[in-house]
Amino acid sequence: MFREWSMAFTDLWTSVVEFVTPLASDIVVAVVVLLIGVIIAKVLERVVMRALHELDLNKWMQKAGVKFPLEQTLAHTVKYLLYFLAVIIALNQVGLTSFVLNLIAVAVLVLVIVGVVLGIKDFLPNFIAGIMIHRRGYVKLGDVIRVRDIEGEVRQINLLETRIRTVSGDVLFVPNSLLATKEVLRFK
């Protein structure tokens, strides 16, 4: 009986070692790749920063009227691209590249969709209200109107906004959705 247990344990241990050994070596190689990638990225960031500083790229940009730290931005971009490359190589070593890249692609797609939705959430109501204002003639050029606390003469009606000149001479841009949904008093 002891011999059977001993053989079963030995077989189990052999199976575990055969499974873990390649995985452990792959993980060690992945960690080494990450460390080397971080070191190379930091060194190249400094090299790019010095090279661009020698070219006085930021000064050229300031002379052109652009106040943007291009030297630092390009150096950081090189560093992060090398970080990304090192992570991809390390994940490939472990065998997780496709899963992680698919996960990143899904995350980017979700961010793009959220950005588009947030970008058009105000555009669509104002656009539709602008069409309604033009078709039904709620407000016309030259009308003196009051919406909420805003009172003045309608100077221009676009598809997204209406420009109103107040009594004090200020020009206000009122979203068309406000004109379509709130009470508008017309004096003229």
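About the criteria used
- Residues numbered from 1 in each chain as written.
- Predicted model: local features only at pLDDT ≥ 70, side-chain atom pairs only at ≥ 80, totals over all residues.
- Heavy atoms only, no water.
- Pairing = 2+ DSSP bridges.
- Helix = DSSP H or I, 4+ residues; strand = E, 2+ residues; numbered from the N terminus.
- Axes fitted to C-alpha atoms, helices over the stretch in contact; angles between N-to-C directions.
- Phe/Tyr/Trp six-rings, centres within 6.5 Å; stacked < 30°, edge-to-face > 60°.
- Buried < 20%, exposed > 50% of the residue type's maximum accessible area, 1.4 Å probe, protein only.
- Lys NZ or Arg CZ within 6 Å of the ring centre and 35° of its normal.
- Contact = heavy atoms within 4.5 Å.
- Expected span 1.5 Å × (residues − 1).
- Arc of directions from axis to C-beta.
- Salt bridge = Lys/Arg side-chain N within 4 Å of Asp/Glu carboxyl O.

Asker: It is not clear to me how the sheet that holds strand S2 (residues 150–157) should be interpreted in this structure. Could you clarify?
Answerer: Sheet strands pair via backbone hydrogen bonds, and the direction of the pair is either parallel or antiparallel. Taken together, five strands build an open sheet; the order of strands is S4-S3-S2-S1-S5 and the sheet is antiparallel. Two strands close off the open sheet at either side, each with one partner strand: strand S4 (171–175) and strand S5 (184–186). Across the sheet, the axes of successive neighbouring strands diverge by a mean angle of 40 degrees, strand direction being ignored. The pairing of strand S1 (residues 144–147) with S2 spans four bridges and is classified as antiparallel. Within S2, the residue paired with valine 147 across the bridge is isoleucine 150.

Asker: Would you mind going over the packing of aromatic side chains with me for this structure?
Answerer: Aromatic ring pairs are reported here in terms of the distance separating the ring centres and the angle at which the planes meet. In total, this model carries two aromatic pairs according to the counting rule given. With centroids separated by 5.7 Å and ring planes inclined at 70 degrees, the aromatic side chains of tyrosine 80 and tyrosine 83 adopt a geometry described as edge-to-face. Linking tyrosine 80 with tyrosine 83, this pair stays in helix H3 (residues 70–94), spanning three residues, or about one helical turn. By relative accessible area, tyrosine 80 is classed as partly exposed at 49%. Of note, lysine 63 hangs over the ring of tryptophan 60, and the distance from its end group to the ring centre comes to 5.3 Å.

Asker: How do you make sense of the side chain of glutamate 45 when you look at a structure like this?
Answerer: Structurally, the position occupied by glutamate 45 is in helix H1 (residues 2–54). Given the relative accessible area of 13%, glutamate 45 is considered buried. Ignoring anything within four residues of it in the chain, the contact list for glutamate 45 reads Ala75, His76 and Lys79.

Asker: So what exactly am I meant to see when it comes to unusual backbone geometry here?
Answerer: Of all residues except glycine, most have a negative phi; of all peptide bonds, most are trans. Positive phi outside glycine occurs at aspartate 56, with the angle close to 55 degrees. For aspartate 56, the position within the fold is in the loop between H1 and helix H2 (57–63). A relative accessible area of 30% means that aspartate 56 is categorised as partly exposed. Positive phi, close to 55 degrees, is recorded for arginine 148, a residue that is not glycine. Relative to the helices and strands, arginine 148 resides in the loop between S1 and S2.

Asker: Would you explain helix H5 (residues 123–136) in this entry?
Answerer: Owing to its 3.6 residues per turn, the α-helix aligns residues three or four sequence positions apart on the same side. A rise of 1.5 Å per residue sets the reference length of H5, with its 14 residues, at 20 Å; its end C-alpha atoms lie 20 Å apart and thus fit the reference within 8%. Along H5, the residues that are buried comprise Asn126, Ala129, Gly130 and Ile133. Viewed end-on, H5 has its buried residues packed into an arc of 110 degrees, placing them on one side of the element. Of the exposed residues in H5, the ones pointing more than 90 degrees away from its buried face are Arg135 and Arg136. Looking at the packing, one finds that the buried side of H5 touches S2, S4 and helix H6 (176–181). One or two steps after H5, the chain reaches glycine 137, where phi turns positive at roughly 70 degrees.

Asker: Can you help me understand the pattern of salt bridges in this one?
Answerer: Side-chain pairs of opposite charge can arise where the charged atoms are in close proximity. The full count for this structure, using the stated rule, is four salt bridges. Where glutamate 45 meets lysine 79, a salt bridge forms, and the shortest distance between an N and an O atom there is 3.6 Å. Of this pair, glutamate 45 sits in helix H1 while lysine 79 is found in helix H3, placing the two residues 34 residues apart along the sequence. Each member of the pair, glutamate 45 as well as lysine 79, is classed as buried. The shortest N-O distance in the salt bridge between aspartate 122 and lysine 121 comes to 3.4 Å. For lysine 121, a relative accessible area of 48% puts it in the partly exposed group.

No statement about biological role is implied by the geometric values presented.
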